[in-house]
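# Structural features, examined
Letter by letter, the chains look like this.
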Amino acid sequence: MLRQQDVGHRVVVRRIVGVTGDRTLFTDALGELVDLTETDLTLATAKGTVRVPLREVHRAKRVPPARRAVAADVISLELAADEAWPAPVRSRLGGWILRAADDWTGRANSALAVGDPDRPLDEAIDAVVRWYTERGQQPLINAPMPLAAPVNAALDERGWTARPLTLVQTTPLAALLTTAAGSGLPPVDLADAASDEWYAMVAEHKGALPGTALRILNGVPERVFAHVRDADGGLLAVARGAVTGPDRWLGISLLQTAPAARRRGLGAHVVRALAQWASQRGSTRAYLQVEERNAAAVALYNRLGFTTHHTYLTRQL
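No experiment lies behind these values; they were computed from the predicted model shown. (Residues numbered from 1 in each chain as written. Predicted model: local features only at pLDDT ≥ 70, side-chain atom pairs only at ≥ 80, totals over all residues. Heavy atoms only, no water.)

Helix and strand counts for the protein chain stand at eight helices and 17 strands. Since a compact globule built from 317 residues should have a radius of gyration of about 20 Å, the 21 Å found for the protein chain is in line with a globular shape. Overall, the protein chain is about 70 × 50 × 35 Å in size when its C-alpha atoms are taken along their principal axes. A buried classification covers 50% of the 317 residues belonging to the protein chain. In the protein chain, the proportion of contacts linking residues at least 24 apart, taken out of those at least 6 apart, comes to 67%. Total accessible area on the protein chain stands at roughly 15,100 Å², and carbon and sulfur atoms take up 49% of it. Between the averaged position of the 37 positive side-chain charges in the protein chain and that of its 33 negative side-chain charges there is a distance of 5 Å. (Helix = DSSP H or I, 4+ residues; strand = E, 2+ residues; numbered from the N terminus. Rg over C-alpha atoms; globule rule 2.2 N^0.38 Å. Buried < 20%, exposed > 50% of the residue type's maximum accessible area, 1.4 Å probe, protein only. Contact = heavy atoms within 4.5 Å. Areas by Shrake-Rupley, 256 points an atom, 1.4 Å probe, with all protein chains shown as cover. Lys, Arg positive; Asp, Glu negative; His and termini not counted. Charge placed at Lys NZ, Arg CZ, Asp CG, Glu CD.)

Position of glycine 31 among the secondary structure elements: in strand β2 (residues 23-36). The spatial distance from the C-alpha of glycine 31 to the C-alpha of histidine 9 is 8.2 Å, given a sequence separation of 22 residues. When residues no more than four places from it in sequence are discounted, the contact partners of glycine 31 are His9, Arg10, Val11, Leu43, Ala44 and Thr45.

Here we take up the pattern of salt bridges. Proximity of charged atoms lets side chains of opposite charge pair with each other. This structure, assessed with the given rule, holds 12 salt bridges. Notably, a salt bridge pairs arginine 14 with aspartate 28, separated by 2.8 Å at the nearest N-O pair. Of the two residues, arginine 14 sits in strand β1 (residues 10-20) while aspartate 28 sits in strand β2, which places them 14 residues apart along the sequence. Assessed through its relative accessible area of 33%, arginine 14 is described here as partly exposed. For aspartate 28, a relative accessible area of 45% puts it in the partly exposed group. The closest approach of N and O atoms between arginine 315 and aspartate 156, which form a salt bridge, is 2.8 Å. Residue arginine 315 is located in strand β17 (residues 307-316), and its partner aspartate 156 is located in helix α3 (residues 149-158); the two are separated by 159 residues in the primary sequence. (Salt bridge = Lys/Arg side-chain N within 4 Å of Asp/Glu carboxyl O.)

Time to look at the packing of helix α2 (residues 121-134) against α3. Relative orientation of the contacting elements α2 and α3 amounts to 70°, with a least axis distance of 11 Å. What the angle tells us is that α2 and α3 run roughly perpendicular. At the point where α2 passes α3, the crossing takes the right-handed sense. For the pair α2 and α3, the contacting residues are Leu121, Asp122, Ile125 and Asp126 in the first and Pro150, Val151, Ala154, Leu155 and Arg158 in the second. (Axes fitted to C-alpha atoms, helices over the stretch in contact; angles between N-to-C directions. Parallel < 35°, antiparallel > 145°, perpendicular 65-115°, else oblique. Left-handed = near helix turned anticlockwise from the far one by under 90°.)

Another aspect to go through is the side chain of glutamine 256. Relative to the assigned elements, glutamine 256 resides in strand β15 (residues 249-257). Ignoring any residue separated from it by four or fewer positions in sequence, one finds glutamine 256 in contact with Met201, Val202, His205, Leu236, Ala237 and Val238.

Given a rise of 1.5 Å per residue, 14 residues ought to cover 20 Å, and the 20 Å separating the end C-alpha atoms of α2 matches this to within 8%. Here the buried face of α2 lies against β6 (89-93), β7 (96-100), β8 (111-112), β9 (140-145) and α3. Immediately beyond the C-terminal end of α2, within one or two residues, lies glycine 136, with a positive phi of roughly 70°. (Expected span 1.5 Å × (residues − 1).)

We now examine the packing of aromatic side chains. In the structure shown here, the tally under the stated rule is six aromatic pairs. Geometrically, the ring pair formed by tryptophan 85 and tryptophan 104 is stacked, given 5.7 Å between the ring centres and 10° between the ring planes. Residue tryptophan 85 is found in the loop between α1 (71-84) and β6, and its partner tryptophan 104 is found in the loop between β7 and β8; the two are separated by 19 residues along the sequence. Using a relative accessible area of 5% as the deciding quantity, one classes tryptophan 104 as buried. For the ring pair tryptophan 131 and tyrosine 132, a centre distance of 4.8 Å and an interplane angle of 80° mean the geometry is edge-to-face. Of the two residues, tryptophan 131 and tyrosine 132, both sit in the buried class. Counting every residue linked through ring pairs, the aromatic cluster contains Trp198, Tyr199 and Phe225. The positively charged end of arginine 14 is found above the aromatic ring belonging to phenylalanine 26, 5.8 Å away from the centroid. (Phe/Tyr/Trp six-rings, centres within 6.5 Å; stacked < 30°, edge-to-face > 60°. Lys NZ or Arg CZ within 6 Å of the ring centre and 35° of its normal.)

In C-alpha cells form, the structure reads like this:
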C-alpha cells in the first residue's frame, strides 16, 4: 500500500469497480500521487485529477517516472527560479538556501532543499526550524521531487504537513513563438516597471503587496512587466517575465486576466509576447510554477506546450 513518502511520485492504482457473478472487476489508474489521507488518495492523471476511496483500492504501488529529470537539471532550474524570485533575507546551509520575505509567498519564505546541507539530514531540519523560529516565521521547506524524497520521508516522520503539489513545467521558447496569435487582441505592452494598476491586479490574487514583494518583483536585472489594456485604458491582463541562470531560463509568473476578459486568448497572447522578449535576450527555454489543483491554468499551459519537468512540495511544521 502507498505511504506519505509516495506523495509526489508516479504510482499505479488498481481499483475495484464492481462484481459480475463471481468475478471482481478492476480498472487501473496511472499518475502522480498528489494527496493521501486516511480515507482517500488523489492522482493527477493524463485525463485529470482522480480521487479514489481507499476501500476501493485493490493494489497500489510506486512506478518509475515517465521521464525522470536528471538531478543536476532539477537543481539548475530550481536555482534559476530562486534567482528570479529573490528573497531579501537569505542564508546558506551547505547547498540548501534559507529564504525569508515577511511571509509573502511560500517560494520566498522556505528553505530550498537542493544539494547537500553539509550535515546529517535531521540536523539540517533542526537548523531550518531554528532559523525560521528566530525570525518569528513558520518553518517551511521546499522539497523538489523526486530529488528531495529523503527530505520528504524525514519530514513525514516528524509530522510535517504539505501544501498543495506544485508542478514545475517547461517548454522550448520555439513552441511558444510558433503558437498561433489570436485575432483582434490588443497589443501587449512590455515595461521595465509595473504600473499601479498592475500591482492592484496582482494584489487581488496574492493579497496586499508589502514592500518586500516589490523588492522581489523588481530585484531581477532582466525582468519585464506585461500589460494588456482595452481601448479605454482598462487593464485586461498582466504577467511578469524574468531571465535568470546560466541557462538563461525565462520564468513566467503572475499571469492573470481580468474576469470579464477571460476566454479570449489573452493568456496565450501575453505568454507569446514574453517569449519574444526573452528570445531577444538569449533565452531558449521557459518555465513556470503552477499548483496541480489549478485545473484551468494547467490546461492552458498544456495547450501552449508546457510539460511537467518536476514537482515540489512545500512542507510546513
